Amino acid sequence: MRTHRLLVAAVLAGAGALVLAGCVAKADVAASDALTVTSTADGCAVSAATATSGTLAFDVTNAGDEVTEFYLLADDGLRIVGEVENIAPGASRTLTVVAQPGEYFTLCKPGMLGEGVGRSGFSVSGDAVALDGEDAELKQQAVDLYAAFVKDQVENLVPQVDALVTAYESGDDATARTLFPQVRAYYERIEPIAEALGDLDPKIDYREVDAVAEGLDWTGFHRIEKDLWVPAQDALNADGETPAWQDWAPSTPEERASFGDQLVSDVAELDAYVHSDDFRSTLDDQGVAGLSNGAIALLDEVATGKITGEEDWWSGTDLWDFAANVEGSKMAFSLVEELARAKGDEGAALVDDIDAGYTALEASLATHGSLASGFVLYPQLTDADKRELTDLLNALAEPLSQLTVTVLE
């Protein structure tokens with residue numbers, strides 16, 4: 001987090017050309033026989049693992065003891081293609097989507113927290129389906145999928161933070177250091193959501209120099225980070241001037257308990273917000289402009305902090321944050337991609353340029369690792385590595401900056 005960080009409220013989500021829940025096909029595609037889904041405490045049984053492209057209906061029955069959700073995910077296992085939530089024990093709900101050919105995943109989320117259970121592959125064959133619908137309807141579908149993605153990320157963040165805090169408070173620093181960059185990825189994909197909530201992001205994600213500059217109590221991820229990677233006695237803070245040990249000392253067990261509990265509480269507040277009517281009202285008011293602006297804002301996050309190595313100053317885990325920001329930005333773009341492409345030759349050319357920019361940036365990042373397997377630590381990058389990433393960011397940012405006006409034309 002930086003003091004000059006952009007406070008943009010809406011970011012990331014995805015499905016784009018893959019599918020839009022509830023849309024009507026131009027082609028004469030009859031609805032397939034409904035697929036049945038049974039959600040239990042540890043399973044998510046779908047009646048078939050294949051289907052033909054077109055309108056699909058998933059009839060979901062909750063046979064467990066907790067409220068559950070059902071998701072259809074894109075082939076990366078992250079983007080939400082469609083979801084149905086708040087299915088009470090013993091109740092049934094139906095998810096209807098227009099599915100394009102491709103590979104997907106299905107899963108259920110009993111308790112509406114965590115990564116879910118019963119993740120299974122789901123294949124759609126057949127011809128591509130042309131989508132029809134009023135522009136306003138398609139835009140609202142995009143906002144709806146964005147909301148679902150945000151909720152999913154926070155639902156994953158909650159138990160991940162619990163695990164990190166448990167290790168931190170118990171003094172299991174080796175485990176906490178391993179978890180730290182992994183947990184943060186969920187937050188980094190949706191970062192501007194918390195930024196829009198006044199003091200919530202400062203409590204969760206401010207660096208020490210920012211908190212001191214604004215006269216705030218320093219809490220959150222980076223307070224924990226400094227305890228886990230104790231700096232050398234002669235080290236400097238991220239401003240390059242302030243001694244690392246000035247007005248700071250490693251936290252006592254009691255202080256660790258306080259900082260850990262505060263982070264859990266703040267993330268719980270974020271979770272409550274993204275499941276609230278206020279959140280949906282805000283998204284609806286912003287519309288698809290919020291999504292396209294969010295794609296840009298997340299690249300700004302990379303350019304003004306991660307690429308400089310200032311974000312995770314003590315751990316050197318900036319590339320995890322970098323990758324998650326880019327991932328979130330790309331998903332925001334993917335959700336409005338077809339809306340932009342439909343604006344004629346100029347819109348199609350813009351989409352192609354943005355696609356190429358993401359591909360090049362992701363390829364460069366992949367030479368240093370991945371979110372799944374881990375990245376090299378930031379100090380191990382050479383100046384040439386940093387220049388390459390910076391140049392690719394700039395090359396992508398230029399066409400991406402034109403996305404909002406194109407979508408709104």
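These numbers come from a predicted model, not from an experiment. (Residues numbered from 1 in each chain as written. Predicted model: local features only at pLDDT ≥ 70, side-chain atom pairs only at ≥ 80, totals over all residues. Heavy atoms only, no water.)

Participant: What is the right way to read the nonpolar core from this model?
Facilitator: If you look at the biggest cluster of nonpolar residues, it comprises 77 residues, and the most contacted ones within it are Leu157, Ile193, Phe221, Leu270 and Phe322. Excluding residues that lie within four positions of it along the chain, Leu270 makes contacts with Val154, Leu157, Tyr187, Ile193, Ala194, Leu197 and Leu200. Counting 20 residues, the second-largest nonpolar core is a separate cluster that includes Leu35, Cys44, Leu72 and Val81. (Core = buried A, V, L, I, M, F, W, Y, C linked by side-chain atoms within 4.5 Å. Buried < 20%, exposed > 50% of the residue type's maximum accessible area, 1.4 Å probe, protein only. Contact = heavy atoms within 4.5 Å.)

Participant: Can you help me understand the environment of Gln141 in this one?
Facilitator: Along the chain, Gln141 turns up in helix H1 (residues 135-170). Between the C-alpha atom of Gln141 and that of Leu335, which follows or precedes it by 194 residues, the distance is 9.3 Å. (Helix = DSSP H or I, 4+ residues; strand = E, 2+ residues; numbered from the N terminus.)

Participant: Is there a simple way to think about helix H7 (residues 253-274) in this case?
Facilitator: Three- or four-residue spacings in an α-helix give side chains the same orientation, since the helix completes a turn every 3.6 residues. Helix length check: H7, at 22 residues, gives a terminal C-alpha distance of 32 Å against a target of 32 Å (1.5 Å per residue), a fit within 8%. Among the structural elements, H1, helix H2 (173-188), helix H3 (191-195), helix H4 (200-205), helix H6 (221-228) and helix H8 (277-306) are those in contact with the buried residues of H7. (Expected span 1.5 Å × (residues − 1).)

Participant: Hey, could you run me through the pairing of strand E7 (residues 68-73) in this one?
Facilitator: The side chains of a regular strand alternate, residue by residue, between the two faces of the sheet. Among the 6 residues of E7, 6 are classified as buried, and the element is accordingly described as predominantly covered. In this sheet, strand E8 (residues 80-87) lies alongside E7 in antiparallel orientation, the contact comprising 5 bridges. Following the sheet pairing, Tyr71 is matched in E8 by Glu83. The antiparallel pairing of E7 with E8 creates a hairpin that spans 6 residues between the two strands, and Gly77 there sits at a positive phi of about 75 degrees. (Pairing = 2+ DSSP bridges.)

Participant: Where do I start with the packing of aromatic side chains in this structure?
Facilitator: Within a pair of aromatic rings, the relevant descriptors are the distance that separates the centres and the angle that separates the planes. All chains considered together, the criterion is met by 10 aromatic pairs. Pairing Phe180 with Trp229 gives two aromatic rings, centres 5.5 Å apart and planes at 65 degrees, and the pair type is edge-to-face. Taken as a pair, Phe180 in helix H2 and Trp229 in the loop between H6 and H7 lie far apart in primary sequence, 49 residues in all. Judged by relative accessible area, which is 0%, Phe180 ranks as buried. Ring geometry for Trp320 against Phe375: centres 5.7 Å apart, planes inclined by 80 degrees, an arrangement best described as edge-to-face. (Phe/Tyr/Trp six-rings, centres within 6.5 Å; stacked < 30°, edge-to-face > 60°.)

Participant: Looking at this structure, how should I read the pattern of salt bridges?
Facilitator: Should the charged atoms of two oppositely charged side chains come close, the side chains can pair. The final tally for this structure, using the stated rule, is 25 salt bridges. Here Glu155 and Lys109 are joined by a salt bridge, their closest N and O atoms 2.9 Å apart. Of this pair, Glu155 sits in helix H1 while Lys109 sits in the loop between strand E10 (102-108) and strand E11 (117-125), placing them 46 residues apart in sequence. The same class applies to Glu155 as to Lys109, namely buried. Linked by salt bridges that have partners in common, Arg184, Glu188, Glu191, Asp205, Glu301, Lys306, Glu311, Asp312 and Asp321 make up one network. (Salt bridge = Lys/Arg side-chain N within 4 Å of Asp/Glu carboxyl O.)

Participant: What's the story with the packing of H2 against helix H9 (residues 318-341) in this structure? I'm lost.
Facilitator: Helix packing geometry: the angle between the two helix axes and the distance between the axes. At a minimum axis separation of 8 Å, H2 and H9 run at an interaxial angle of 30 degrees. As the angle between them shows, H2 and H9 are arranged roughly parallel. In the crossing of H2 with H9, the sense of the turn from one axis to the other is right-handed. Contact residues: Pro181, Arg184, Ala185 and Glu188 in H2; Trp320, Asp321, Ala324 and Asn325 in H9. (Axes fitted to C-alpha atoms, helices over the stretch in contact; angles between N-to-C directions. Parallel < 35°, antiparallel > 145°, perpendicular 65-115°, else oblique. Left-handed = near helix turned anticlockwise from the far one by under 90°.)

Participant: Help me understand the sheet that holds E7, please; the structure alone is not making it clear to me.
Facilitator: Strand order in the open sheet formed by 5 strands is E5-E11-E10-E7-E8, and the pairing between neighbours is mixed. The sheet is open, and its two borders are formed by strand E5 (50-52) and E8, each paired with just one other strand. Adjacent strand axes in the sheet meet at a mean angle of 20 degrees, parallel and antiparallel pairs treated alike. Of the pairings in the sheet, the one linking E10 to E11 comprises 6 bridges and is antiparallel in character. Each bridged residue has a counterpart across the sheet, and for Cys108 the counterpart in E11 is Val117. Along the sheet, H1 contacts E7 and E8; its crossing angle with E8, the most-contacted strand, is approximately 70 degrees.

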